[in-house]
Amino acid sequence: ASWPVITVDGPGGAGKGTLSRMLAEHFGWHFLDSGALYRITGYACLQAGVDWADEPAVAEVARQLDTRFVMGADGEVGVLYAGRDVTAVIRSEEGGRGASVVAAQPSVREALLERQRDFRQAPGLIADGRDMGTVVFPDAPLKIFLTASAEERARRRYEQLRGKGESVSLPRLLEDIKERDARDSSRAIAPLVPARDAVVIDSTATPADAVFEAVLLEASRRG
Ligand code: C5P
């Protein structure tokens, strides 16, 4: 059987994670955080002494990933690597940089493809990423492409990091975001573009619950 999937793609900081969690909870469906797989791959390379630029070695690390996702009591997804909780480490700015570098390598993406498709289980799946609607689940009945201005995404990230007590510079964050956007959009393989049949939503001036309502409406239209 082919279980339903809603794909949620878009640049970092557009609100995909929040939207995806709301949808997964609403429908009682599984949740794939595909970015976490790339982040863990980058982290696992550091642990194994593998250079992020060494594509064959990185792909091997990706194939062997010993990782599990666990649902925390707070509704946040925790990430285990080799049995250890690495959630905070991989969510750091450095973790995002590593993910973005290894994710540009075709054989690394190939190595993670089946693992991602395995998340499609009863009764359904919310898949959060960059290429969920274009590459991983091209037959998904509902595809969302969520975006927001780079300035707004930097501002949200800034608030988030400050809330965690980290000291960060807003201009530096904005620069990082623009740099990662450029790398993700211009790469030869699975670049960050909306699927042709995606519903594009701009969240720059739209609060999370309004975005959520808009997606529910789209879902109900599709039955
Ligand atoms: O979504 P998140 O910020 O965790 O993703 C980290 C990085 O992983 C992204 O900047 C992108 O380079 C890469 N990624 C990807 N394809 C996905 C998910 C993430 O290339 N489906």
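Residues numbered from 1 in each chain as written. Predicted model: local features only at pLDDT ≥ 70, side-chain atom pairs only at ≥ 80, totals over all residues. Heavy atoms only, no water.

The protein is annotated in an unreviewed UniProt entry as Cytidylate kinase from Chromatocurvus halotolerans. If you open the UniProt record of the protein and go to Sequence similarities (unreviewed entry), you find "Belongs to the cytidylate kinase family. Type 1 subfamily." Among the UniProt annotations of the protein, the heading Subcellular location (unreviewed entry) holds the following wording: "Cytoplasm". (UniProt positions renumbered as here; feature names shortened; annotations may be inferred.)

**Here's the deal with the overall build of the protein**
Summing up its helical and strand segments, the protein has 10 helices and eight strands in all. For the protein, the C-alpha radius of gyration of 17 Å lies close to 17 Å, the compact-globule estimate for 223 residues. If you line up the protein on its principal axes, its C-alpha atoms span 50 × 45 × 40 Å. Sorting the 223 residues of the protein into buried and exposed places 48% on the buried side. Put simply, of all contacts in the protein between residues at least 6 apart along the chain, 73% involve residues at least 24 apart. For the protein, the computed accessible surface area is about 10,800 Å², with 54% contributed by carbon and sulfur atoms. Each charge sign in the protein was given a centre, from 28 positive and 33 negative side chains, and these centres are 1 Å apart. (Helix = DSSP H or I, 4+ residues; strand = E, 2+ residues; numbered from the N terminus. Rg over C-alpha atoms; globule rule 2.2 N^0.38 Å. Buried < 20%, exposed > 50% of the residue type's maximum accessible area, 1.4 Å probe, protein only. Contact = heavy atoms within 4.5 Å. Areas by Shrake-Rupley, 256 points an atom, 1.4 Å probe, with all protein chains shown as cover. Lys, Arg positive; Asp, Glu negative; His and termini not counted. Charge placed at Lys NZ, Arg CZ, Asp CG, Glu CD.)

**Side note on the pairing of strand E1 (residues 5–9)**
Consecutive side chains of a regular strand alternate in pointing toward one face of the sheet and then the other. Within E1, five of the five residues are buried, which leaves it mostly tucked inside the rest of the structure. The side-chain alternation of E1 yields two buried faces, one formed by Val 5, Thr 7 and Asp 9 and the other by Ile 6 and Val 8. Here E1 pairs with strand E6 (residues 125–129) via five bridges, running parallel. Note that in E6 the partner of Thr 7 across the bridge is Ala 127. Inspection of the sheet shows E1 paired to strand E7 (residues 142–147) by four bridges, in the parallel sense. The partner of Ile 6 across the bridge, within E7, is Leu 142. (Pairing = 2+ DSSP bridges.)

**Some thoughts on the site of the ligand**
Taken together, the neighbourhood of the ligand is formed by 16 residues, with Arg 39, Arg 109, Asp 131, Asp 184 and Arg 187 sitting nearest. The separation between an oxygen atom of the ligand and a polar side-chain atom of Arg 39 is 2.6 Å. Between the ligand and Asp 131, the relevant distance is 2.9 Å, taken from a nitrogen atom to a side-chain nitrogen or oxygen of the residue. Here the shell around the ligand gets four residues from one element, more than from any other, and that element is helix H2 (residues 34–48). Its residues assigned to classes, the shell around the ligand shows four nonpolar, four polar and eight charged. (Near = heavy atom within 4 Å. Polar contact = N/O pair within 3.5 Å; in protein donor to acceptor, adjacent residues only side chain to side chain. Nonpolar A, V, L, I, M, F, W, Y, C, P; charged D, E, K, R; others polar.)

**Quick notes on the confidence of the model for the protein**
When pLDDT is averaged across the protein, the result is 93; 99% of the residues are at 70 or more. Interface scoring of the predicted complex returns ipTM 0.98; its pTM is 0.93. (pLDDT = per-residue confidence, 0-100.)

**Remarks on the UniProt feature "binding site: ATP" (unreviewed entry) in the protein**
Listed under "binding site: ATP" (unreviewed entry) in the UniProt record, and renumbered for this structure, are Gly 10, Pro 11, Gly 12, Gly 13, Ala 14, Gly 15, Lys 16, Gly 17 and Thr 18. What makes Gly 10 buried here is its relative accessible area of 0%. Not counting the four nearest positions on each side in its chain, Gly 10 is found in contact with Lys 16, Gly 129, Arg 130, Phe 145, Leu 146 and Leu 192. Its location among the elements puts Gly 13 in the loop between E1 and helix H1 (16–27). Not counting chain neighbours up to four residues away, the residues in contact with Gly 13 comprise Arg 153 and Arg 156.

**Structural notes on the packing of aromatic side chains**
Overall, the coordinates contain three aromatic pairs when judged by the stated rule. Aromatic side chains Tyr 43 and Tyr 81 sit 5.8 Å apart centroid to centroid with 90° between the ring planes, which places their arrangement in the edge-to-face category. Pair noted here: Tyr 43 is in helix H2 and Tyr 81 is in strand E4 (residues 77–81), with a separation of 38 residues, a long-range link. For the residue pair Tyr 43 and Tyr 81, the accessibility class agrees, reading buried in each case. Consider the rings of Phe 69 and Phe 119, whose centres lie 5.8 Å apart with planes at 65°: the pair is edge-to-face. Of the two residues, Phe 69 is situated in strand E3 (residues 67–71) and Phe 119 in the loop between helix H6 (106–117) and E6; the sequence distance between them amounts to 50 residues. (Phe/Tyr/Trp six-rings, centres within 6.5 Å; stacked < 30°, edge-to-face > 60°.)

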